[in-house]
Amino acid sequence: MQTHVHKVIDVNVVDNAVLPAPEYMGRELPRTDSQAAFTARARQEIQRIIFGDDRRLILIVGPCSIHDLDAGMEYAERLHSLAQRVADRLLLVMRVYFEKPRSTVGWKGLIMDPHLDGTHDIPAGLKSARHFLSQIVDLGVPTATELLDPITPQYIADLVCWSAIGARTVESQTHRQMASGLSMPLGFKNSTSGSVDAAINAVKAAGQPQTFLGISQQGLASAVTTRGNPNCHLVLRGGASGPNFGPVAVASAEEALIRNNLIPAIMVDCSHDNSGKDHLRSPEIFRDVLNQALQGRESIIGLLLESNLVAGSQAFPQPKSDLVYGQSITDPCVDWSTTEALILEGYNALEPRMVEKANLVT
C-alpha cells in the first residue's frame, strides 16, 4: 500500500537562494578608516542637533529612491558643493534610499531589483548599494536611508549616518527591536493613519535593551541583544487624517513627547502625506516649518525633502532606455533648481537664529 506524503514546508516557495555573508561582502567592499571617521563624525553632528547642542537644522534631502547610480552620483556632487556653502546653518544629509515599502505591489528598490527588470538579483543589489554608499561618503556627503528589511543593516549600516523607520513599519516590533541596536541616529515616522502615538511608542521601545532573532556577520541565525538606541526622534509626515506640519500639530507632538519623558526632537517631512504627494506643495511646507523654527519652536530639528535632478516622477515599469535621466520612478520630487533655491533661502532666513546663538554663547 502506497502512502501519500504531504508536503508541509516550502509549499509556496519557488526558490531559496543563499546570500553572501555580510562579513564576506564587507571584505569584498571594505570600509576604509577615512570612511569610518567621516560616518562617525556625521552621526555625532546629527546627534548634537537632535539634543539641542547645535542650533543648525538638519535637512534630509535627495531622491525618493535611488534607481540610476550615475544620476544619483551627479545629485550627490551638486549637493556636496551646496552643503559647503550653507554648513554653518544647515547640515545637508542625502537621501540614499534603496528599499521601498509598498502598500500593494511595485518596484521595491535597488537592493531588491537592481536591474529594474524583475529578476530580483538581491546579491547584486546589496553590492551596488554598499558601493554607492561608499562613494557618497568618500565625496564627503552624509547619508540617510530607510531600513526596511531587518537583514539589510548588516550589509550597509556602517556607511549610513542617519536612518528612518517608515510609516508602514513604525508599529512593527521587529523594526523597533532592530532600531534598538542600530549605531546611527534614527527617526520614526508617524503611522500611515497619522498616529503620532505609534511613533512615540517606537522611540520608547527602541531606546530600551532588546533581544531578538537576527543574523550574524557570518550570515548565521542568531539571538541579538542590544543596549538600546538613545538617539531616536519623531518624524511628522502626515497621514490618512491629513497633514501634520502646521504649528498646532507640531506643538501637539512636542507636548506628547514631553509627556512621555522623551526629548522633544521633531523632524518634519515636506513630502508624502504632508504634501498629498504633490511635489509642487513641498516648497510652501518647507517655508512654513522653517518659519516655525525661526519663531522659537525649538523642538524642530530638521526637515525632509524629496528632491531629484528633474521634477516630478515617471511611470514604471517601462524600458530602461526610455527612462528620463534624473527623474524619480517612485514618488514625485522637486527639481534641483527648486531645491537649491529653497536651501539658499532657508540659509539666509536662519541668520537671526545663528546670531542669537552667538549672542547666547558670548
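Residues numbered from 1 in each chain as written. Predicted model: local features only at pLDDT ≥ 70, side-chain atom pairs only at ≥ 80, totals over all residues. Heavy atoms only, no water.

S.K.: For the side chain of serine 282, give the residues involved together with the corresponding values.
M.R.: As for its placement among the helices and strands, serine 282 is situated in helix α10 (residues 282-294). Given a relative accessible area of 2%, serine 282 falls into the buried group. Here the side chain of serine 282 touches cysteine 270 through a polar contact of 2.9 Å, landing on its backbone oxygen. Leaving out residues up to four positions away in the same chain, serine 282 has contacts with Cys270, Ser271, Ser275, Leu305 and Val334. (Helix = DSSP H or I, 4+ residues; strand = E, 2+ residues; numbered from the N terminus. Buried < 20%, exposed > 50% of the residue type's maximum accessible area, 1.4 Å probe, protein only. Polar contact = N/O pair within 3.5 Å; in protein donor to acceptor, adjacent residues only side chain to side chain. Contact = heavy atoms within 4.5 Å.)

S.K.: Hey, could you go over the pattern of salt bridges for me, with residue numbers and the actual values?
M.R.: Counting across every chain of the model gives 17 salt bridges. Here glutamate 23 ties to arginine 27 by a salt bridge, and the two come within 3.6 Å at their closest N and O atoms. Here arginine 27 and glutamate 23 lie together in helix α1 (residues 22-28), a separation of four residues that amounts to about one turn. Residue classification places arginine 27 among the exposed positions, given a relative accessible area of 57%. A salt bridge links aspartate 269 to lysine 189; its shortest N-O distance comes to 3.2 Å. Here the residue aspartate 269 occupies a position in strand β9 (residues 266-269), and lysine 189 occupies one in strand β5 (residues 186-189), the gap between them amounting to 80 residues. Assessed through its relative accessible area of 1%, aspartate 269 is described here as buried. Classification of lysine 189 by relative accessible area gives buried; the value is 4%. Within this structure, Arg31, Arg130 and Asp158 form a network of salt bridges that share partners. (Salt bridge = Lys/Arg side-chain N within 4 Å of Asp/Glu carboxyl O.)

S.K.: Please provide a residue-by-residue account of α10, values included.
M.R.: An α-helix turns once per 3.6 residues; consequently, residues spaced three or four apart project the same way. With 13 residues, α10 should cover 18 Å at 1.5 Å per step; its first-to-last C-alpha distance of 18 Å lies within 8% of that length. Here α10 has its buried residues at Ser282, Pro283, Ile285, Phe286, Val289, Leu290, Gln292 and Ala293. A positive backbone phi angle near 110 degrees is found at glycine 296, which sits one or two residues after α10. (Expected span 1.5 Å × (residues − 1).)

S.K.: Would you mind going over the layout of surface pockets in detail, with residue names and values included?
M.R.: For the largest pocket, the calculated volume is near 830 Å³. Taken together, 36 residues form the lining of the largest pocket, with Pro153, Gln154, Gly181, Leu182 and Ser183 sitting closest to its centre. Contributions of two or more residues to the lining of the largest pocket are made by α1, α5 (153-156), α6 (173-181), β6 (211-215) and β7 (221-225). Broken down by element, the lining of the largest pocket gets its largest block of residues, five residues, from α6. When its volume is computed, the second largest pocket comes out at roughly 310 Å³. (1 Å grid on protein atoms, 1.4 Å probe; cavity = no way out; pocket = protein on both sides within 12 Å on 5 of 7 lines; lining within 4 Å. Points joined across faces, edges and corners; volume = space filled by probe spheres on them.)

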